[in-house]
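A structural walkthrough
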Amino acid sequence: MKNYKKIWLSFATLPFIIWLSFASNVSQSDKEKVDKVMLVVDRQWKNESAFSQISRYEKIINSFSKIKLKDKDQKEIISYMLECFQDRVDKLKSQIKTQNQVISNVDRDKVKDERLAWHNYEREQAWLSPYTYNESLNYTSLIRAQQIASEQRKTWSTHARKSGDWYWNTESIRAWFSDLWVDVSYFSESNAYWYYNCKKSDCTNEMIEALRTCFNRTFLDRTHRPAVVSSMYNEIWLWVATNWTYIWLTTHYWKDVK
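A brief look at the structure comes next. (Residues numbered from 1 in each chain as written. Predicted model: local features only at pLDDT ≥ 70, side-chain atom pairs only at ≥ 80, totals over all residues. Heavy atoms only, no water.)

On to helix H7 (residues 139-151), then. In this model H7 runs 18 Å from its N-terminal to its C-terminal C-alpha over 13 residues, within 8% of the 18 Å that 1.5 Å per residue would give. Here H7 has its buried residues at Tyr139, Thr140, Ser141, Leu142, Ile143, Arg144, Ala145, Ile148 and Ala149. At the C-terminal side of H7, Gln152 shows a positive phi close to 50 degrees. (Helix = DSSP H or I, 4+ residues; strand = E, 2+ residues; numbered from the N terminus. Expected span 1.5 Å × (residues − 1). Buried < 20%, exposed > 50% of the residue type's maximum accessible area, 1.4 Å probe, protein only.)

Bringing the sheet that holds strand E3 (residues 235-242) into the picture now. Strand order in this open sheet of four strands is E1-E3-E4-E2, and the pairing throughout is mixed. Of all the strands in the sheet, the pair left with one neighbour each is strand E1 (132-133) and strand E2 (184-195). As paired elements, E3 and strand E4 (residues 246-257) share eight bridges and run antiparallel to each other. Of the residues in E4, the one forming a bridge with Thr242 is Ile247. The sheet strands contacting helix H6 (residues 108-125) are E1, E3 and E4, and the helix crosses E3 at an angle near 130 degrees. Of the strands in this sheet, E2 and E4 touch helix H8 (residues 170-179), which is tilted by about 95 degrees from E2. (Pairing = 2+ DSSP bridges. Contact = heavy atoms within 4.5 Å. Axes fitted to C-alpha atoms, helices over the stretch in contact; angles between N-to-C directions.)

Most of E4 sits inside the fold, with nine of its twelve residues counted as buried. Remark: three residues form the turn of the hairpin made by E3 and E4, two consecutive strands paired antiparallel; Trp244 in that turn has positive phi of roughly 75 degrees.

Structure representation (structure tokens):
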């Protein structure tokens, strides 16, 4: 129980630390106590960003997942508590993904398929295997495109993640991905923007035309072409944000995603 108490005490802001640290013979009714305490935790952290909340929850999950207990009742309550924390994490991640499903008046699948086809045509000419598209992890490109669009970045700074970064800082970018629960060994990022002003009910063709211009001007130039035809990567994530005057496009290339 010493290690058990020590880990809990590292989260001393939580009101149920002492109760769980010294608990023994935990009963089924204690699950109701956990439920009540989770509401207190939710209120305590509600003003923090979703990313910060997820980080807090995951630290607790990781710590308690390593605890080895012999007492059956304690195992049961720890297991239930971890389920509660994991449920919060899953809901927060789903919320972030939903908030970043931008641009509703285009056929998202058609846009995705067109862009993937442009990449794979170039790869075929270079005798490389085609890229595959990872829908479940695509939110990193959604979020980055939105960040660039909100700041209306149009210069070399589109890759900078924090003050002091110049053009490209691998560690800063890797840390940014880590905050989004993505761990990769090899990656690249390409950003582009172009004029876009379509407010029709269906702007799919206009979006594809603007993206094709981005691809021809940016993704096939000397700087970005290596990612398009690189044998280092095997997966691609991409999406777009707009302020209805420009579009900002982010594409991530990956290998060994965890």
